[in-house]
Amino acid sequence: MYGFDAISDNNGWFIAAIGVSIVFTGLIVLSLVIAQLHKVLALVEKLTSKSEKIPEPKPDIRIPPADPNDVETAVQVFTPLIEELSSEFQLSELYALAKEYHLPHPHLSIRCLLESGRLQPLGDGVFVFVPNCQE
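From a predicted model like this one, the values you see are computed outputs, not experimental measurements.

Undergrad: Would you explain the overall build of the protein in this entry?
TA: The secondary structure content of the protein amounts to 6 helices and 3 strands. In the protein, the succession of α and β elements from N to C terminus is α-α-α-α-β-α-α-β-β. Across the 135 residues that make up the protein, the buried fraction comes to 22%. Put simply, of all contacts in the protein between residues at least 6 apart along the chain, 48% involve residues at least 24 apart. Accessible area for the protein stands at about 10,400 Å²; split by element, carbon and sulfur atoms hold 62% of it.

Undergrad: What is the right way to look at a nonpolar patch on the surface in this model?
TA: Judged by side-chain polarity, Val-20, Val-23, Phe-24, Leu-27, Leu-30 and Ile-34 come together as a nonpolar surface patch covering roughly 590 Å² of accessible area. Judged by relative accessible area, Phe-24 falls into the exposed class, the value being 52%.

Undergrad: Please clarify how the nonpolar core should be interpreted in this entry.
TA: Across soluble globular proteins, nonpolar side chains show a tendency to be buried alongside one another. Counting 20 residues, the largest nonpolar core has Phe-78, Leu-81, Ile-82, Phe-89, Leu-94, Leu-103 and Leu-119 as its most contacted members. Looking at this core, the elements that each hand over two or more residues are α4 (71-84), α5 (91-100), α6 (106-116) and β3 (126-129). Of the residues forming this core, the biggest block, 7 residues, is contributed by α4. Beyond its immediate sequence surroundings of up to four residues, Leu-119 is in contact with Ile-82, Phe-89, Leu-91, Leu-94, Ile-110, Leu-113, Leu-114, Phe-127, Val-128 and Phe-129.

Undergrad: For this particular structure, what's the right way to read the packing of α4 against α5?
TA: Relative orientation and spacing of two packed helices are given, respectively, by the angle between their axes and the distance between those axes. Here α4 crosses α5 at 120 degrees, and the two axes come no closer than 10 Å. It follows that α4 is oblique to α5 by the angle criterion. Where α4 crosses over α5, the handedness of that crossing is right-handed. Facing Phe-78, Leu-81, Ile-82 and Glu-84 of α4, the residues of α5 in contact are Leu-94, Leu-97 and Ala-98.

Undergrad: Is there a simple way to explain the pattern of salt bridges in this structure?
TA: Here the idea is simple: oppositely charged side chains can pair when their charged atoms come close. For the coordinates displayed, the defined rule picks out 2 salt bridges. Salt-bridge contacts for Glu-115 lead to Arg-111; the nearest nitrogen and oxygen are separated by 3.9 Å. Within this pair, Glu-115 and its partner Arg-111 are both found in helix α6, separated by 4 residues, close to a single helical turn. Assessed through its relative accessible area of 61%, Glu-115 is described here as exposed.

Undergrad: Please clarify how the packing of α5 against α6 should be interpreted in this entry.
TA: α6 packs onto α5 with a crossing angle of 140 degrees between their chain directions and a minimal axis gap of 10 Å. What the angle tells us is that α5 and α6 run oblique. Classified by chirality, the crossing of α6 by α5 is right-handed. Residues Leu-91, Leu-94, Tyr-95, Ala-98 and Lys-99 of α5 form the contact with α6, whose participating residues are Pro-106, His-107, Ile-110 and Leu-114. Residues that form the contact of α5 with α6 fall into these classes: 7 nonpolar, 1 polar and 1 charged.

What counts, and at which threshold
Residues numbered from 1 in each chain as written. Predicted model: local features only at pLDDT ≥ 70, side-chain atom pairs only at ≥ 80, totals over all residues. Heavy atoms only, no water. Helix = DSSP H or I, 4+ residues; strand = E, 2+ residues; numbered from the N terminus. Buried < 20%, exposed > 50% of the residue type's maximum accessible area, 1.4 Å probe, protein only. Contact = heavy atoms within 4.5 Å. Areas by Shrake-Rupley, 256 points an atom, 1.4 Å probe, with all protein chains shown as cover. Patch = residues over 30% accessible without salt bridge, like charges linked within 9 Å, V, L, I, M, F, W, Y side chains within 5 Å. Salt bridge = Lys/Arg side-chain N within 4 Å of Asp/Glu carboxyl O. Core = buried A, V, L, I, M, F, W, Y, C linked by side-chain atoms within 4.5 Å. Axes fitted to C-alpha atoms, helices over the stretch in contact; angles between N-to-C directions. Parallel < 35°, antiparallel > 145°, perpendicular 65-115°, else oblique. Left-handed = near helix turned anticlockwise from the far one by under 90°. Nonpolar A, V, L, I, M, F, W, Y, C, P; charged D, E, K, R; others polar.

See below:
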């Protein structure tokens, strides 16, 4: 026996209808899950996120429009930045703060402080700031 008679005798139409129903039910469930996925992700993010502290506002640094090679101007501008650092610091930390505060010519100003003796090397790339240095 072949063809439609074999399908009818062995409940083929019923099995085909059940298969189609299973596939469409799966597709419907999948589309509902995808449609609600943003809510689940928001809930997971809310549960896993740590309470974030509001960063303190950065102090406003007034930059006098002067020559970056002027020692007194460099000391005046960089003193608040150096106060944020520990007593012994690396130049890369000072440069990063200068870039964070958008100071103009940080390389020239730091070099000026080095040449004037205001930044004293301690070795191993560590420096200390001397505010009142006799040149």
